[in-house]
Amino acid sequence: MRHVLTSFLSVHWAIVFALLALICIDGDRGVTAALGVLGVTVESARFVNLENIVVVAPLAIALLVVSVLFFWAFVDTLINDAASPGADSVVRIAFISASGVLSMILIGGAAQGINGLFMVVAVQLAALLVSYVAMLAERRSAAVSEDAAFHATAHNMAKAAAHNSLLSMISGRTSPNRTGPKAKGGR
């Protein structure tokens, strides 16, 4: 079973973080434009110019790494099933990395005295959390439904075998592996 919600959310977050990284490395605007996309207006920073390469490069690289991790989670969703042992590890790493990058943006923004950043990052972290829970629930429900289908099939096969054995015993026929009354004194 393909995981539609997991695939969609993985692609969504990959695109979001890739666009933020692309906006960061734009030579004219830098981090100020990326924060503007998130919903924060930056009047002035206290200590460091937010268009400086020392600020832009690490943030853009971190955002690109998170984007690649979400894309990797998307590809992993397409290739592997939910029952594989490492199915949740890539998704977990991607969400932990995204939360870490957003936390670093919050810490850096607070150090720079950027107002309104806490609420924007809190909303983004909440959206990441909801996405992670939805993806985890979809993966777990798929694994449970596969287990339930396996158990139902095994139960039906056992019932059919017991029924056939009972009919065989009632009719007096023997199976190839058993020796019954007709097999001993037969022909």
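The model shown is predicted, which means the values in this text are computed figures rather than measured ones.

This part takes up the packing of aromatic side chains. Summed over the entire model, instances satisfying the criterion amount to six aromatic pairs. With a centroid separation of 6.0 Å and 40 degrees between ring planes, the pair formed by Trp13 and Phe17 is classed as tilted. Of this pair, Trp13 and Phe17 both sit in helix α1 (residues 4–24), separated by four residues, roughly a single helical turn. Take Phe17: its relative accessible area is 2%, and that puts it in the buried class. Between Phe17 and Phe70 the ring centres are 6.0 Å apart and the planes differ by 10 degrees, which places this aromatic pair in the stacked class. Note that Phe17 is positioned in helix α1 and Phe70 in helix α3 (residues 53–79), a separation of 53 residues in sequence. This pair shows no difference in class: Phe17 is buried, exactly as Phe70 is. Ring pairing ties together the aromatic residues Trp13, Phe17, Phe70, Phe95 and Tyr132, which thus form one cluster.

In the structure shown here, the tally under the stated rule is one cavity of 30 Å³ or more. Put simply, the largest cavity is a space of about 30 Å³. Lining of the largest cavity is provided by Leu20, Ala34, Leu35, Leu38, Leu59, Leu63 and Ile105. Listing elements by their share of the lining of the largest cavity, those giving two or more residues are α2 (31–38) and α3. Element by element, the count of residues in the lining of the largest cavity is highest for α2, at three residues.

Reading the values: rules and limits
Residues numbered from 1 in each chain as written. Predicted model: local features only at pLDDT ≥ 70, side-chain atom pairs only at ≥ 80, totals over all residues. Heavy atoms only, no water. Phe/Tyr/Trp six-rings, centres within 6.5 Å; stacked < 30°, edge-to-face > 60°. Helix = DSSP H or I, 4+ residues; strand = E, 2+ residues; numbered from the N terminus. Buried < 20%, exposed > 50% of the residue type's maximum accessible area, 1.4 Å probe, protein only. 1 Å grid on protein atoms, 1.4 Å probe; cavity = no way out; pocket = protein on both sides within 12 Å on 5 of 7 lines; lining within 4 Å. Points joined across faces, edges and corners; volume = space filled by probe spheres on them.

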